[in-house]
Amino acid sequence: VESMRIGVLTISTTAAQGQRAVDASGDAIVEIVTGEPLVASVVERAVVTDARDIIASQLRAWAASGAMDVILTTGGTGFAQSDMTPEATRDVIEREAPGLAEAMRAGTAAMTPMAWLSRSVAGIAGQTLIVNLPGSPKAVRECLGIILPLLPHAVALLSGAIRQH
Ligand code: MTE
């Protein structure tokens, strides 16, 4: 498999307004996906406010660009009124990939029972896989530990590099 091209989108009202000095969850994603042994590069990164239409517009633009195999979002998956990342993602995807979200919840609940409170979704827009991660560096680490090993094969299938196996 060639190097996976990854986009990192942080959903945060405070971060988008510059009220938070660092995007710690976005930083955690970059650190993990570019670490060994995974072959991946972060080709786009952005922070947006938690409005559904703004999140969806960014996801749509990135998916349409064809520049990314995977978009990892962080934040906005909880139960607060402002948590609209799953809805925005559903606005954009054409095919769901529920197993990835199920795996993150089931696979991390033993360490963090609150994992069940993430409404994260995953799905495919064009040739881009979009996966929602919760919004803390700790959650990002735990959830990526579950799904990262699955991504190279997912991307190979999605891009048509593997047609039958
Ligand atoms: N999943 C894991 N693996 N680890 C965590 O620490 N935090 C949970 C949950 N999923 C967490 C997790 C908590 S406390 C919340 S409220 C939800 O993710 C939603 O978080 P978000 O609104 O920041 O996306």
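Residues numbered from 1 in each chain as written. Predicted model: local features only at pLDDT ≥ 70, side-chain atom pairs only at ≥ 80, totals over all residues. Heavy atoms only, no water.

Caption draft 1: Structural detail: the site of the ligand. Taken together, 16 residues form the shell around the ligand, and within it Thr 77, Gly 78, Thr 108, Gly 135 and Glu 142 come nearest. Contact distances for the ligand include 2.9 Å between an oxygen atom and a backbone N or O atom of Gly 78. With respect to the ligand, the backbone of Gly 135 contributes an N or O atom lying 2.9 Å from an oxygen atom. Burial of the ligand by the protein amounts to 77% of the accessible area it has alone, namely 530 Å². At four residues, helix α6 (residues 137-147) tops the list of elements feeding residues into the shell around the ligand. Tallied by class, the residues present in the shell around the ligand amount to five nonpolar, eight polar and three charged. (Near = heavy atom within 4 Å. Polar contact = N/O pair within 3.5 Å; in protein donor to acceptor, adjacent residues only side chain to side chain. Areas by Shrake-Rupley, 256 points an atom, 1.4 Å probe, with all protein chains shown as cover. Helix = DSSP H or I, 4+ residues; strand = E, 2+ residues; numbered from the N terminus. Nonpolar A, V, L, I, M, F, W, Y, C, P; charged D, E, K, R; others polar.)

Caption draft 2: Structural context of the environment of Ala 40. You can see Ala 40 is positioned in strand β2 (residues 40-48). Ignoring any residue separated from it by four or fewer positions in sequence, one finds Ala 40 in contact with Ser 3, Met 4, Ile 6, Val 33 and Thr 34. (Contact = heavy atoms within 4.5 Å.)

Caption draft 3: Spotlight on the environment of Val 140. Within the fold, Val 140 resides in helix α6. Given a relative accessible area of 0%, Val 140 falls into the buried group. The spacing of Val 140 and Asp 27 is 113 residues in sequence and 9.9 Å in space, taken between C-alpha atoms. Residues contacting Val 140, with those up to four places away along its chain left out, are Ser 25, Ala 28, Ile 29, Ile 32, Thr 74, Leu 133 and Pro 134. (Buried < 20%, exposed > 50% of the residue type's maximum accessible area, 1.4 Å probe, protein only.)

Caption draft 4: Region of interest: the pattern of salt bridges. Per the stated rule, a full pass over the model turns up seven salt bridges. For Arg 45, the salt bridge identified is with Asp 27, shortest N-O distance 2.5 Å. Of this pair, Arg 45 sits in strand β2 while Asp 27 sits in helix α2 (residues 24-33), and the two are 18 residues apart along the sequence. Overall, the relative accessible area of 35% leaves Arg 45 in the partly exposed class. Taking relative accessible area as the criterion, Asp 27 reaches 35% and is therefore assigned partly exposed. Measuring nitrogen to oxygen at the nearest pair gives 3.7 Å for the salt bridge that ties Glu 31 to Arg 141. With Glu 31 in helix α2 and Arg 141 in helix α6, this residue pair connects regions lying 110 residues apart in the sequence. A network of salt bridges, in which partner residues are shared, links Asp 23, Asp 27 and Arg 45. (Salt bridge = Lys/Arg side-chain N within 4 Å of Asp/Glu carboxyl O.)

Caption draft 5: Seen up close, helix α4 (residues 85-92). Most of α4 sits out of view: six of its eight residues are buried. Considered for burial, the residues of α4 that qualify are Thr 85, Pro 86, Glu 87, Ala 88, Thr 89 and Val 92. Contacts from the buried residues of α4 go to β1 (4-11), α3 (52-65), β3 (70-74), β5 (122-125) and β6 (128-133).

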